[in-house]
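Listed below, chain by chain, are the residues.
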Protein chains: 2
Amino acid sequence: MGWEDVREEVLRRIRARDWPPGEVIPGEEALAAEFGVARATVNRALRELAEAGLLERRRKAGTRVALLPVRKATLDISIIRQEVEARGESYAHRVLAQRMEGISLAAAVRMGVPAGASMLFLETLHLAGGRPFAHEVRWLNPDVLPGRVVPDFGAVSANEWLVQNVAYATGDIAFSAEAATAAEAAALGIAAGDPVFVTERVTWTAEAPITFVRLLHGPGYRLRTMV
Amino acid sequence: MGWEDVREEVLRRIRARDWPPGEVIPGEEALAAEFGVARATVNRALRELAEAGLLERRRKAGTRVALLPVRKATLDISIIRQEVEARGESYAHRVLAQRMEGISLAAAVRMGVPAGASMLFLETLHLAGGRPFAHEVRWLNPDVLPGRVVPDFGAVSANEWLVQNVAYATGDIAFSAEAATAAEAAALGIAAGDPVFVTERVTWTAEAPITFVRLLHGPGYRLRTMV
DNA sequence: TACCATTTGTGCGTATGTATG
DNA sequence: CCATACATACGCACAAATGGT
């Protein structure tokens, strides 16, 4: 009787409505006694279910079945190369533009820096099987580059280079659907106005913002949760 | 010195590249001795970092800093009413269609049932502040309804009703960008061909599929991760 | 291949901390 | 202020996986 068994049994009771939504379930001590395990084992099982949003736990108040469980879907945000190769296609990328430039207002707002601040601007096209897969526009804080030396992003994509060479960071991600502009459409080989799947990501360290990326995927792209 | 302190210190060392990507870090025992805590405490900290994708752990092989950390972004999938009310807007919904019908091929494939199987078809418009917020098309397995009695989905949306009245389930979610069809555009009050943010969700119990939902959000909708 | 040593994974019993009804 | 229930920690033990001999 491990903690996973306890988790499954508790989950079964929730699903079977032995313990209906909103109801307080027996305490850790009681469950430990019932299942013949240590309290720590029950704790581990209940903690997992609480993290998944199925239980709500509060000291002294006890543990209750969530009334409106907020499902937590987890997305695996991998490097584009990995994503492409996982599909069994060959990956390549082309740097379309690379220059120092005053940051755009929209990007400045998201990165939390003054508009017009001098940043490295990068425009990249990612290819899968030789065909356009994603179009990337990136603003990169040059301060995070060791010695402010710009690496060769033609060899390794900025995405990958940052992951491997700059500090691990926290970030924010947002997804939306937009209509492709003429320029974006041209890069992706689709028609202007076609719907594109947009991923916007901001990453930063404790001290400074690192980068803001806007990634466009053409029609047919699906982002799936890994359950 | 709690497990969170250990986690932060280990994270700091990873970020500072004291332990570069790919490198094996000291074992639990050694870290426990260094930090003056029990091994279980170190274990808890390292386990969390491994779940976050920053460490890779294997028995006997030890713990190493991930070479290509796969960031795990978590999305809170709440019911639409909550989402709307969280924006400070009033929620309402209208059932546009409700009938028993042979399931469409596309939906049958996703639900894993024979095409043409008799399912409850539901079309709903969700309103935020009186304006169209999302358009929902749903196929619902009537077997999951207690006594096969169809509830009044005009009073409580199917989404919410299912969460509260049917077994908790596992599911699969996918997001994409598509062009609105004429009918969808009319329902959402946008132009045909406008990009829409599409969420498709399948849920099932251990025994049977429950429902397949296709949810369309009009322009301006953003799905954000909760980091 | 067979075995051994190592490292993480999990469990128990106990104790104390902490939020809170 | 107290009693309660969860949160965390310790030390020990054994299981399971697996790299190496």
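Quick caveat, the model's predicted, so the values are computed rather than measured.

**A word on the protein's contact with DNA strand D**
- Close to DNA strand D lie 21 residues, the nearest being Arg-39 of chain A together with Gly-2, Trp-3, Thr-41 and Arg-58 of chain B.
- Near-protein atoms of DNA strand D (within 4 Å) split between backbone and bases, with sugar and phosphate holding 72%.
- Within the backbone of Trp-3 of chain B, a nitrogen or oxygen atom sits 2.5 Å from a phosphate oxygen of DNA strand D.
- Between a base nitrogen of DNA strand D and a side-chain N or O atom of Arg-39 of chain B, the distance comes to 3.3 Å.
- At the level of secondary structure, the elements contributing two or more residues to the surface near DNA strand D comprise α3 (39–51), β1 (55–58) and β2 (62–65) of chain A together with α3 (39–51) of chain B.
- Considering each element in turn, the surface near DNA strand D owes the most residues, three residues, to α3 of chain B.
- Grouping the amino acids of the surface near DNA strand D by side-chain chemistry returns three nonpolar, seven polar and 11 charged.

**What to know about the interface of chain A and chain B**
- Listed as interface residues are 53 residues of chain A and, on the opposing side, 53 residues of chain B.
- When chain A packs against chain B, the two sides together hide about 4800 Å² of surface, and 54% of this comes from carbon and sulfur.
- The interface formed by chain A and chain B holds four salt bridges in total.
- A salt bridge links Lys-72 of chain A to Asp-76 of chain B; the shortest N-O distance between them is 3.6 Å.
- Put simply, the parts of the chain that give the side of chain A that touches chain B at least two residues each are α1 (3–15), α3, β3 (71–77), α4 (80–86), α6 (158–165), β7 (170–179), β8 (195–204) and β10 (222–224) of chain A.
- Across the side of chain A that touches chain B, the residue classes break down as 29 nonpolar, 10 polar and 14 charged.

**Notes on the relation of the copies chain A and chain B**
- For the pair chain A and chain B, the superposition axis carries a translation of 0.0 Å, the fit reaches an RMSD of 0.1 Å, and the rotation angle comes to 180°. Overall, the copies show the geometry of a two-fold rotation axis. Using C-alpha coordinates, one finds that chain A approaches the rotation axis most closely at Thr-74 of chain A, a distance of 2.1 Å.

**Some thoughts on the sheet that holds strand β10 (residues 209–217) of chain B**
- Reading across the sheet, the seven strands line up as β10(A)-β8(B)-β9(B)-β10(B)-β7(B)-β6(B)-β5(B) and stay open at both edges, with antiparallel pairing between neighbours. Bordering the open sheet on either side are β10 of chain A together with β5 (91–102) of chain B, each of which pairs with just one other strand. Across the sheet, the mean angle separating the axes of adjacent strands is 15° when strand polarity is ignored.
- Relative to β10 of chain B, strand β7 (residues 131–140) of chain B runs antiparallel, the two sharing seven bridges. Within β10 of chain B, the residue paired with Ala-134 of chain B across the bridge is His-217 of chain B.
- Together, β6 (118–128), β7 and β10 of chain B form the strand contacts of helix α6 (residues 158–165) of chain B, whose direction differs from that of β7 of chain B by roughly 55°.

Conventions we followed
- Residues numbered from 1 in each chain as written.
- Chains lettered and ligands numbered in written order.
- Predicted model: local features only at pLDDT ≥ 70, side-chain atom pairs only at ≥ 80, totals over all residues.
- Heavy atoms only, no water.
- Near = heavy atom within 4 Å.
- Polar contact = N/O pair within 3.5 Å; in protein donor to acceptor, adjacent residues only side chain to side chain.
- Helix = DSSP H or I, 4+ residues; strand = E, 2+ residues; numbered from the N terminus.
- Nonpolar A, V, L, I, M, F, W, Y, C, P; charged D, E, K, R; others polar.
- Contact = heavy atoms within 4.5 Å.
- Buried area = accessible area lost by both parts, 1.4 Å probe.
- Salt bridge = Lys/Arg side-chain N within 4 Å of Asp/Glu carboxyl O.
- Least-squares fit on C-alpha atoms with pLDDT ≥ 70 in both.
- Pairing = 2+ DSSP bridges.
- Axes fitted to C-alpha atoms, helices over the stretch in contact; angles between N-to-C directions.

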